[in-house]
Amino acid sequence: MPYSSLLKPILSFLKAETPDAWIEKAKLPENLPVLLTDHMICELKAGQTAMWLMRKYAADKQSGQALLDWLQPYEKFIYRKEGSLASLKGHEKFSKSIAPKSSCSYGQGLIDKMVLLIKEELHHFYQVLEIIEARGITYENITASRYAGGMMKHVRTHEPAILIDKLICGAYIEARSCERFAKLAPHLDDELHKFYVSLLRSEARHFQDYLSLAEEIAGEDISERVRLFGEFEAELITTVDLDFKFHSGVPA
């Protein structure tokens, strides 16, 4: 599938494109370590979000523990610097069956989509770590950007509105990631260019998975909530940001 056809629905969904000022800063070689590090952490956070959604809303208690165990080696690496590239190899595989809560009508659909998403995110985490180590970049803990929190603060406080809003946020985060893969790729060396295009191909459908789940669970039109979060997201991307990360706004 051509690159542009993958990007078209993503650009139609987002309310603003990445500003040129962010791209100019992102393509500077001295900013590559923080960009790759933050990208790697974002892959884990995407997996954690999907796991949290499954454990809270869809998976039974026994399955929830298996999900926690699945992500634990990656979390130990990021937060405690325990483990290595070698010890993480193959951990993205998950063969256990996740049983839905008997009371959850949408449980199996959410589980099926989120398990596949986690597998992909963890595989991409490992790929970014391979690139980081191959380039002699030392992994250092970094603070989170304002981006995800800036959207999550607008999530409503009652169910099922909490779940619906968080799924919409997830859709925008996934869409923005893909848009940035595409924006960055032409400015990077051949290895990174090919890598980011491959990520775009792999993750382009993720935002639609989140949206379809939100629509199914709501059982009604959610276009106004989608529009509203689109405006919140666009503001975070197009306004001045004192921080520089993979999802940051206009560099100060």
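This text goes with the structure placed above it.
Computed from a predicted structure; not experimentally measured. Think of each chain on its own: its residues are numbered from 1, step by step along the sequence as written. Only residues with pLDDT of at least 70 get local features here, since the model is predicted, and only at 80 or more are side-chain atom pairs given and counted; chain-wide, interface and lining totals rely on the full set of residues. Side-chain figures throughout are based on the complete set of non-hydrogen atoms in the structure, without hydrogens or water.

**Describing the layout of surface pockets**
Point 1. With a 1 Å grid spanning the protein atoms alone, the term cavity applies to any set of points in which a 1.4 Å probe fits but cannot get out, the term pocket to an open set with protein on both sides within 12 Å along at least five of seven lines, and the term lining residue to any residue with an atom within 4 Å of a point. Grid points are joined across faces, edges and corners, and a volume is the space filled by probe spheres set on the points. Roughly 430 Å³ of volume is contained in the largest pocket.
Point 2. For helices the rule is a DSSP run of H or I covering at least 4 residues; for strands it is a run of E covering at least 2, with both sets numbered from the N terminus onward. Of the residues forming the lining of the largest pocket, the biggest block, seven residues, is contributed by helix H3 (residues 32-58).
Point 3. For this classification, the nonpolar set comprises Ala, Val, Leu, Ile, Met, Phe, Trp, Tyr, Cys and Pro, the charged set comprises Asp, Glu, Lys and Arg, and every other residue, Gly included, is treated as polar. Of the residues that constitute the lining of the largest pocket, the class distribution is 10 nonpolar, seven polar and six charged.

**Some remarks on helix H1 (residues 3-13)**
Point 1. Listed as buried for H1 are Leu6, Leu7, Ile10 and Phe13. Taken down its axis, H1 places every buried residue within 110° of arc, on the same side. Of the exposed residues in H1, those oriented more than 90 degrees away from the buried face are Ser4, Lys8 and Ser12.
Point 2. Contacts between residues were defined by any pair of non-hydrogen atoms, one from each residue, lying within 4.5 Å. For H1, the secondary structure elements touched by its buried residues are helix H8 (161-184), helix H9 (190-203), helix H10 (206-218) and helix H11 (223-238). Buried, partly exposed and exposed residues are distinguished by accessible area as a fraction of the type maximum, computed with a 1.4 Å probe on protein chains only: under 20%, between the cut-offs, and over 50%, respectively. For this quantity, the arc is that covered by the directions from the helix axis to the C-beta atoms.

**Regarding the nonpolar core**
Point 1. What we call a nonpolar core is a set of buried Ala, Val, Leu, Ile, Met, Phe, Trp, Tyr and Cys residues that are connected through their side-chain atoms within 4.5 Å. Formed by 89 residues in total, the largest nonpolar core has its most connected members in Ile10, Leu36, Met40, Leu110, Met114, Phe125 and Tyr196.
Point 2. Contact partners of Met40, with chain neighbours within four places excluded, come to Phe77, Ile78, Phe125, Val128, Leu129, Ile132 and Tyr139.

**Looking at the environment of Ile111**
Point 1. Note that Ile111 resides in helix H6 (residues 107-134).
Point 2. Separated by 79 residues in sequence, Ile111 and Asp190 place their C-alpha atoms 36 Å apart.
Point 3. The contact partners of Ile111, leaving out residues within four places of it in the chain, are Met54, Ala58, Ala59, Ile98, Ala99 and Pro100.

**Brief notes about the side chain of Asp241**
Point 1. Tracing the backbone through its elements, the reader meets Asp241 in strand S1 (residues 240-241).
Point 2. Only 2.9 Å separates the side chain of Asp241 from the backbone nitrogen of Gly249, close enough to count as a polar contact.
Point 3. Dropping the residues within four chain positions of it, Asp241 is found in contact with Arg146, Ser248, Gly249, Val250, Pro251 and Ala252. Any N or O atom pair separated by 3.5 Å or less is treated as a polar contact, with the protein-specific requirement of one donor-capable and one acceptor-capable atom, and with residues adjacent in sequence counted only for side-chain atom pairs.

**Description of the environment of Lys113**
Point 1. Note that Lys113 resides in helix H6.
Point 2. For the pair Lys113 and Thr239, spaced 126 residues apart in sequence, the C-alpha to C-alpha distance is 33 Å.
Point 3. Beyond its immediate chain neighbours, meaning those up to four positions away, Lys113 contacts Asp209, Ser212 and Leu213.

**Regarding the pattern of salt bridges**
Opposite charge on two side chains permits pairing when their charged atoms draw close.
Point 1. The working definition used for a salt bridge is a side-chain nitrogen of Lys or Arg within 4 Å of a carboxyl oxygen of Asp or Glu. One pass over the full model with this rule turns up 17 salt bridges.
Point 2. Between Arg135 and Asp189 there is a salt bridge, and its shortest N-O distance comes to 2.8 Å. Taken together, the residues Arg135 in the loop between H6 and helix H7 (147-152) and Asp189 in the loop between H8 and H9 connect sequence positions 54 residues apart.
Point 3. Residue class for Arg135 comes out partly exposed when judged on its relative accessible area of 30%.
Point 4. With relative accessibility at 35%, the residue Asp189 sits in the partly exposed group.
Point 5. For the salt bridge of Arg146 with Asp241, the shortest nitrogen-to-oxygen distance reads 3.2 Å. Placement of Arg146 in the loop between H6 and H7 and of Asp241 in strand S1 is noted, with a sequence separation of 95 residues between them.
Point 6. Several salt bridges converge on common partners, so that one network encompasses Glu120, Arg205 and Asp209.

**A closer look at the side chain of Glu203**
Point 1. With respect to the element layout, Glu203 can be found in helix H9.
Point 2. The charged side chain of Glu203 is buried without a salt bridge, its nearest counter-charge being Arg205 at 8.8 Å.
Point 3. With near-sequence residues (within four places) excluded, Glu203 lies in contact with Glu43, Glu121, His124, Glu174, Cys178 and Phe181. Under this rule, positive means Lys or Arg and negative means Asp or Glu; His and the chain ends count for nothing.

**Quick word on the packing of aromatic side chains**
In this description, a pair of aromatic rings is defined by centroid distance and the angle of the planes.
Point 1. The criterion for an aromatic pair is that two Phe, Tyr or Trp rings (for Trp, the six-membered ring) have centres within 6.5 Å, with stacked assigned to planes under 30 degrees apart, edge-to-face to planes over 60 apart and tilted to the rest. Taken as a whole and assessed by the stated rule, the structure comprises 14 aromatic pairs.
Point 2. Seen from their ring centres, Tyr74 and Phe125 are 5.3 Å apart, and the 90° between their planes marks the pair as edge-to-face. You can see Tyr74 sitting in helix H4 (residues 61-80) and its partner Phe125 sitting in helix H6, a full 51 residues away along the chain.
Point 3. Among the residues examined, Tyr74 registers a relative accessible area of 0% and is labelled buried.
Point 4. Classification of Phe125 by relative accessible area gives buried; the value is 0%.
Point 5. With a centroid separation of 5.6 Å and an interplanar angle of 85°, the aromatic rings of Phe229 and Phe232 are classed as edge-to-face. You can see Phe229 and its partner Phe232 sitting in helix H11, three residues apart, about one turn around the helix. Each member of the pair, Phe229 as well as Phe232, is classed as buried.
Point 6. Each residue in the set Trp22, Phe181, Phe195, Tyr196, Phe244 and Phe246 is aromatic and connected to the rest through ring pairs, giving one cluster.
Point 7. By definition, being over a ring means that NZ of Lys or CZ of Arg is both within 6 Å of the ring centre and within 35 degrees of the ring normal. The residue whose ring lies beneath Lys56 is Tyr57, and the NZ or CZ to ring-centre distance is 5.6 Å.
Point 8. In this arrangement the basic side chain of Arg180 is found over the ring face of Trp22, its NZ or CZ atom lying 4.0 Å from the centre.

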